[in-house]
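These are the residues of each chain, in order.
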Amino acid sequence: MNSPSQQQVQCRVVGAEKLPTAAGNADSICAAIASAAATGAPTARFSVEVRVLGQSALAATLTTADGKILPEQKFASSDRLLTASSIDFFARSLVETARAGAR
């Protein structure tokens, strides 16, 4: 994947084997983050490590281009498993956090 936004967003997913089928896989999480960055913060450069905590919870650590580590971001669904749309929501919130943290 060589689009400009994906070159600006470095993504790593740990524990992807815990994801429910409806949520996708590590590649789909990183693609969702890159897509959110392309539309929500096209000039932002950051890296993200997403940890799959279980079938209904994620955590992520963001590092801005200048090396600033932002507070850990968590996402959990208390009443259902993760889905592709919940991954998209989390991706958009990560991009907003990265954009705000780079200011």
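Residues numbered from 1 in each chain as written. Predicted model: local features only at pLDDT ≥ 70, side-chain atom pairs only at ≥ 80, totals over all residues. Heavy atoms only, no water.

A.B. asks: What is the right way to look at the pattern of salt bridges in this model?
C.D. replies: If charged atoms from side chains of opposite charge come close, those side chains can pair. Under the criterion given, the structure shown has 6 salt bridges. Here glutamate 49 and arginine 51 are joined by a salt bridge, their closest N and O atoms 3.8 Å apart. Between arginine 80 and aspartate 79 there is a salt bridge, with the nearest N and O atoms lying 4.0 Å from each other. A single burial state applies to arginine 80 and to aspartate 79, both of which are exposed. (Salt bridge = Lys/Arg side-chain N within 4 Å of Asp/Glu carboxyl O. Buried < 20%, exposed > 50% of the residue type's maximum accessible area, 1.4 Å probe, protein only.)

A.B. asks: Could you clarify how one ought to interpret the environment of leucine 19 in this entry?
C.D. replies: Along the chain, leucine 19 falls in the loop between β1 (9-14) and α2 (26-40). On the basis of relative accessible area, leucine 19 is assigned to the buried category, the value being 9%. Once the C-alpha coordinates of leucine 19 and alanine 100 are considered, the two residues, 81 residues apart in sequence, prove to be 28 Å apart. If we skip the residues at most four places from it in the chain, leucine 19 touches Gly24, Asn25, Ala26, Ile29, Val52, Leu58 and Leu82. (Helix = DSSP H or I, 4+ residues; strand = E, 2+ residues; numbered from the N terminus. Contact = heavy atoms within 4.5 Å.)

A.B. asks: Looking at this structure, how should I read the state of the cysteines?
C.D. replies: Disulfide: a covalent bond connecting the sulfur atoms of a pair of cysteines. Applying the stated criterion across every chain yields a total of 1 disulfide. The partner cysteine of cysteine 11 in its disulfide is cysteine 30, sulfur to sulfur 2.1 Å. Residues cysteine 11 and cysteine 30 are joined through a disulfide that is left-handed, its torsion about the S-S bond being -75 degrees. You can see cysteine 11 sitting in strand β1 and its partner cysteine 30 sitting in helix α2, a full 19 residues away along the chain. (Disulfide = S-S within 2.5 Å.)

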